[in-house]
Amino acid sequence: MSDGKVDVIQTVPMPAFAAERLAELFTVHHLWQADDADRFFADARDRVRGVAASGPGPLDRAFMDKLPKLEIIANFAVGVDAVDLDAAREKKVIVTNTPDVLTDCVADFAMGMVIAVMRRVAQGDRYVRAGRWATKGDLMLATSLKGKTLGIVGLGRIGKALARRAEAFGMTIVYHGRNPQAEVDYAYQATPAALAAACDCLVLTCPGGAGTHHLVDADVLRALGPNGFLVNAARGSVVDEAALIAALTDGVIAGAALDVFADEPHVPAALLPMENVVLQPHQASATYETRKAMGDLMIDNLVAHFAGDPPLTPVI
Ligand code: 8YV
């Protein structure tokens with residue numbers, strides 16, 4: 001460490017504006033480029049004090065065990081479900097995320113998915129491109145947003161920003177989360193199934209991880225019903241994908257818009273031919289402006305910590 005820079009691991013490729021700034025400030029070890037993981041960690045173990053992380057790759061206890069000098073994991077994401085927080089707490093490893101800077105973009109995109117699936121936007125695009133408008137006539141009618149009820153699972157920052165947008169479309173908001181929130185006027189539903197029964201479009205904006213694993217299962221989908229839509233802007237793990245595929249195949253629900261999947265970037269083949277399903281490559285936060293702000297916040301957390309200051313946005 002002759003240049004005096006702190007050594008950090010970057011787990012996956014990141015946009016150039018983040019990777020370049022990281023490399024200016026730190027000695028960066030690129031985990032995804034390592035041919036031999038054992039050699040990579042043998043070399044890193046006495047040097048690496050920070051991790052710049054993104055994506056679903058597990059930052060579990062075994063990973064942390066290999067880095068005894070690790071002080072901080074800075075995530076390029078608001079969701080930290082890939083990090084074993086119990087292990088980090090035990091090992092006194094700080095974990096940071098990127099809240100707030102992505103809220104508006106993710107809420108915009110979730111609203112876009114609500115519109116896309118209820119108004120058949122992606123389906124209409126495919127219809128025109130395939131020449132079917134001219135040969136088969138008008139596309140089948142869609143569903144209005146106005147007057148419908150939007151059910152939000154996880155009324156946090158993103159859920160609230162989505163609620164404000166949906167209200168502007170004339171929708172009524174209901175929600176489910178761990179607890180009712182005194183400061184909001186929206187009606188609370190105590191279970192995901194009760195929320196699904198009470199709404200026309202169920203949107204997931206909750207954290208991933210063990211606490212929400214398969215929270216949307218066959219019962220919840222049955223409660224959503226044949227005129228109901230599911231929108232997932234949270235994590236693939238929140239939905240039982242096999243149950244969702246069965247529900248879409250059997251007309252148990254009307255349609256779905258999915259930005260996240262259980263095994264990204266792999267999408268179940270059964271979903272691909274479904275006309276009532278909107279599929280997106282996990283891009284709710286993927287604008288230049290938001291990803292730039294996320295990259296800066298991830299790096300600012302590392303800089304603050306290694307300057308001896310408290311991190312800006314710690315999760316633990
Ligand atoms: C990103 C996300 O797609 O913030 C999150 O939790 O899932 C997204 O904003 C991802 O972290 C970028 O790799």
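The numbers attached to residues start from 1 for each chain and follow its sequence in the written order. Where totals are concerned, whole chains, interfaces and linings use all residues; where local detail is concerned, this predicted model gives features only for residues with pLDDT of at least 70, and gives and counts side-chain atom pairs only at 80 or more. Think of the side-chain values as coming from all heavy atoms in the structure, minus any hydrogens and water.

Where do I start with the packing of aromatic side chains in this structure?
Think of a pair of aromatic rings as described by two things: how far the centres are apart, and how the planes are tilted against each other in angle. Aromatic rings from Phe, Tyr and Trp, with only the six-membered ring used for Trp, were paired whenever their centres fell within 6.5 Å, and each pair was classed as stacked if the ring planes differed by under 30 degrees, edge-to-face if by over 60, and tilted otherwise. A full pass over the atoms with the stated rule returns 5 aromatic pairs. Taken together, a centroid distance of 5.2 Å and an interplanar angle of 80° make the contact between Phe17 and Tyr288 edge-to-face. Linking Phe17 in helix 1 (residues 16-25) with Tyr288 in helix 12 (residues 288-306), this pair joins segments that are 271 residues apart in sequence. Given a relative accessible area of 22%, Phe17 falls into the partly exposed group. Per-residue accessibility, obtained with a 1.4 Å probe over protein chains only, is compared with the maximum for each type, and a residue is labelled buried under 20%, exposed over 50%, and partly exposed between these values. On the accessibility criterion, Tyr288 (55% relative accessible area) is exposed. When the centroid spacing of 5.7 Å and the interplanar angle of 85° are considered together, the rings of Phe41 and Phe63 count as edge-to-face. Going along the chain from the N terminus, every DSSP run of H or I of four or more residues is numbered as a helix, and every run of E of two or more is numbered as a strand.

Explain the packing of helix 5 (residues 103-118) against helix 8 (residues 157-168) here, please?
The geometry of a pair of packed helices is captured by two quantities: the angle between their axes and the separation between those axes. Running from amino to carboxyl end, helix 5 crosses helix 8 at an angle of 50°, the nearest separation of the two axes being 8 Å. In terms of their interaxial angle, helix 5 and helix 8 are classed as oblique. For the pair helix 5 and helix 8, the sense of crossing is right-handed. Where helix 5 approaches helix 8, its residues Thr103, Asp104, Val106, Ala107, Asp108, Ala110 and Met111 are matched on the opposing element by Arg157, Ile158, Ala161, Leu162, Arg165 and Ala166. In the scheme used here, Gly and all other residues not listed as nonpolar or charged are polar, with Ala, Val, Leu, Ile, Met, Phe, Trp, Tyr, Cys and Pro taken as nonpolar and Asp, Glu, Lys and Arg as charged. The class makeup of the residues in the contact of helix 5 with helix 8 is 8 nonpolar, 1 polar and 4 charged. To get an axis, fit a line to the C-alpha atoms, keeping to the stretch in contact for a helix; angles then go from 0 to 180 degrees between the N-to-C directions. Note on terminology: angles under 35 degrees are roughly parallel, angles over 145 are roughly antiparallel, angles of 65 to 115 are roughly perpendicular, and the others are oblique. By definition, turning the near helix anticlockwise from the far helix through less than a right angle yields a left-handed crossing, and turning it clockwise yields a right-handed one. The contact criterion used throughout is that any non-hydrogen atoms of two residues lie within 4.5 Å.

Even after reading the chapter, I still don't get the sheet that holds strand 1 (residues 7-10), so can you show me in this structure?
Strand pairs in the sheet, formed through backbone hydrogen bonds, run parallel or antiparallel to each other. Paired strands, in this sense, are two strands between which DSSP finds at least two bridges. Taken in spatial order, the 5 strands make up an open sheet running 2-1-3-4-5, and their pairing is parallel. A strand with exactly one partner marks an edge of an open sheet, and here the two such strands are strand 2 (27-30) and strand 5 (94-96). Averaged over all adjacent pairs, the angle separating strand axes in this sheet is 20°, with direction ignored.

What exactly am I supposed to notice about the sheet that holds strand 6 (residues 149-153) here?
If you walk across this open sheet you meet the 7 strands as 8-7-6-9-10-11-12, and the pairing is parallel. Only two strands of the sheet have a single neighbouring strand rather than two, namely strand 8 (187-188) and strand 12 (277-279). Pairing analysis gives 3 bridges linking strand 11 (residues 255-258) to strand 12, with the strands arranged parallel. Following the sheet pairing, Ala257 is matched in strand 12 by Val278.

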